[in-house]
Amino acid sequence: MMTKKFYCYLFKVKSNRVLLGLCIAVLAFVAASCNNSAKKNSQMAAVGDSIVSDTEDSLVFVTLCDSVLKDSAYTHSLTFRFPVSGSKDVRESIGRYLSEKLSYFCPNIDMTNDAEVRVHTYRGDITDGRSLLSHYMKEYTAGFESWVNEFGTRSDMLMFQEVVGNVVWESDKALTYCIAFENFMGGAHGGHLQSARTFRKTDGKMIQLIDSTQLDKMQALMYEGLKDYLGQEITPNFNVKVSDMLFVKRIPLPADHLVMRQNGLFFLYQPYEIAAYVYGMPCFTLPYDKVMPFMTAEAVELIPQQKNKKSSPQGKETK
């Protein structure tokens, strides 16, 4: 069951492989219960207690959540960790990032129509997490009700949408924030996407991690990373070349999920972004000692330092 807006969405993005991958993912990816391996490899941390950094300018996060349940029509929930103290720049950056993505996920809108997306975008204090949460819960509720009024729904079919935002890694210099989206709006399959960004703590800037002019020189490393994922996770008993599994010969940078983690840069591709549905969400980590020559200067400055292999890491990854 798809609206004309979704058909329009498909038509408009045919010329853009990355956006097409994201679109198909929403419409065709099996719900998480049918794809545990994709969730495992996404390394999305669970929402939990507050994170407090070790620096004087402490960033304290609280968990904000809300949900709407309708027995015969739909259910949706929104949960995210939001900074309530520390750097205003970081709080503003995370607020803007959340608002951007939550607007994009509003039900029953044309996601390629910037003007329509702006109508549903939060315009209040971007550092007020509770106000932001309230705005998007109202937008999601209205979107679902519009969908149901337009198409109706069977009593035995429960539509749902769940969005979770969380800090998945933090050091004294930077943090990585991830937003996971999952839904089922009727039809054969549900959708599952993930977006993530790395922010510098001094000014809240979203950091570009890789110098895009170096991408050709990175191909061997990236193929090796995908070989580990595809070989170990998907085809351990088959001698299949990585190049035969991909839609592309020149591997691009992930469109929406390339971030810093404690042990290296984490690459995550959405379903259909570079490979077929059966391969899930391809991902790999490139260690800093191997990927550093291809990183931007400002990203290199944020690499977490470790005195030796036995010392405890400065960065923290949530469990």
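All values reported here derive from a predicted model rather than from experimental measurement.

Peer 1: Now, about the nonpolar core: what can you tell me, with residues and values included?
Peer 2: Core analysis: the biggest nonpolar cluster contains 41 residues, and M222, L265, F267 and V291 have the highest contact counts within it. Listed by contribution, the elements that provide at least two residues to this core are β3 (159–170), β4 (174–184), α7 (215–234), α8 (242–245), β6 (258–261), β7 (264–268), β8 (283–287) and α9 (288–291). At 6 residues, the largest contribution of residues to this core is made by α7. The contacts of L265, once residues within four sequence positions are left out, are L209, I210, L258, V259, M260, F284, T285, L286, Y288, V291 and M295. Formed by 40 residues, the second largest nonpolar core is a distinct cluster that contains F82, V163, L175 and I179.

Peer 1: With reference to specific residues and values, describe the side chain of N108.
Peer 2: With respect to the helices and strands, the residue N108 is situated in the loop between α4 (88–104) and α5 (114–119). Classification of N108 by relative accessible area gives buried; the value is 7%. A distance of 2.9 Å separates the side chain of N108 from the side chain of S146, its partner in a polar contact.

Peer 1: Give me the environment of K101: which residues, what numbers.
Peer 2: Within the secondary structure, K101 sits in helix α4. Here K101 falls in the buried class, since its relative accessible area comes to 11%. Separated by 94 residues in the primary sequence, K101 and S195 place their C-alpha atoms 8.3 Å from one another. Not counting chain neighbours up to four residues away, the residues in contact with K101 comprise I179, S195, R197 and D256.

Peer 1: Mind laying out the pairing of β7, listing which residues take part and the relevant values?
Peer 2: Taken across its 5 residues, β7 has 5 buried, putting it largely inside the fold. Summarising the sheet, β6 and β7 pair through 4 bridges and their orientation is antiparallel. Within the sheet, the bridge partner assigned to L258 lies in β7 and is F267. Counted between consecutive antiparallel strands, the loop separating β6 from β7 contains 2 residues. With 5 bridges joining them, β7 and β8 adopt antiparallel strand pairing.

Peer 1: How would you sum up the confidence of the model for the protein? Please name residues and give values.
Peer 2: Averaged over every residue, the pLDDT of the protein is 78; the share at 70 or more is 71%. Note on residues 1–51: pLDDT under 50 across the span, and 131 contacts to partners over four residues away in sequence or across chains. Note on residues 307–314: pLDDT under 50 across the span, and 8 contacts to partners over four residues away in sequence or across chains.

Peer 1: Describe helix α6 (residues 129–151), naming the residues involved and giving the relevant values.
Peer 2: Here α6 spans 33 Å end to end across 23 residues, near enough to the 33 Å set by a 1.5 Å rise per residue. Considered for burial, the residues of α6 that qualify are G129, L132, L133, Y136, M137, E139, Y140, T141, G143, F144, W147 and V148.

Peer 1: Lay out the side chain of K201 in plain terms, naming residues and giving numbers.
Peer 2: Relative to the assigned elements, K201 resides in the loop between β5 (191–200) and α7. Of note is the side chain of K201, whose polar atom sits 2.6 Å from the side chain of E170.

Peer 1: Can you lay out α4 for me, pointing to particular residues and giving the numbers?
Peer 2: With 17 residues, α4 should cover 24 Å at 1.5 Å per step; its first-to-last C-alpha distance of 24 Å lies within 8% of that length. By the criterion of burial, α4 is predominantly enclosed, with 12 of the 17 residues buried. Residues of α4 that are buried include every one of V90, R91, S93, I94, G95, Y97, L98, S99, K101, L102, S103 and Y104, and no others. Regarding α4, its N-cap is S87, as a side-chain oxygen of that residue lies 3.2 Å from the backbone nitrogen of D89 further along.

Peer 1: Can you break down the pattern of salt bridges residue by residue, with the values?
Peer 2: Under the criterion given, the structure shown has 9 salt bridges. Note that E100 is salt-bridged to K101, the shortest N-O span being 3.9 Å. A relative accessible area of 43% places E100 in the partly exposed class. Note that D216 is salt-bridged to R250, the shortest N-O span being 2.6 Å. Of this pair, D216 sits in helix α7 while R250 is found in the loop between α8 and β6, placing the two residues 34 residues apart along the sequence. The partly exposed category is assigned to R250, whose relative accessible area is 46%. A single salt-bridge network, built from bridges that share partners, covers E100, K101, R197 and D256.

How each quantity is defined
- Residues numbered from 1 in each chain as written.
- Predicted model: local features only at pLDDT ≥ 70, side-chain atom pairs only at ≥ 80, totals over all residues.
- Heavy atoms only, no water.
- Core = buried A, V, L, I, M, F, W, Y, C linked by side-chain atoms within 4.5 Å.
- Buried < 20%, exposed > 50% of the residue type's maximum accessible area, 1.4 Å probe, protein only.
- Helix = DSSP H or I, 4+ residues; strand = E, 2+ residues; numbered from the N terminus.
- Contact = heavy atoms within 4.5 Å.
- Polar contact = N/O pair within 3.5 Å; in protein donor to acceptor, adjacent residues only side chain to side chain.
- Pairing = 2+ DSSP bridges.
- pLDDT = per-residue confidence, 0-100.
- Expected span 1.5 Å × (residues − 1).
- Salt bridge = Lys/Arg side-chain N within 4 Å of Asp/Glu carboxyl O.

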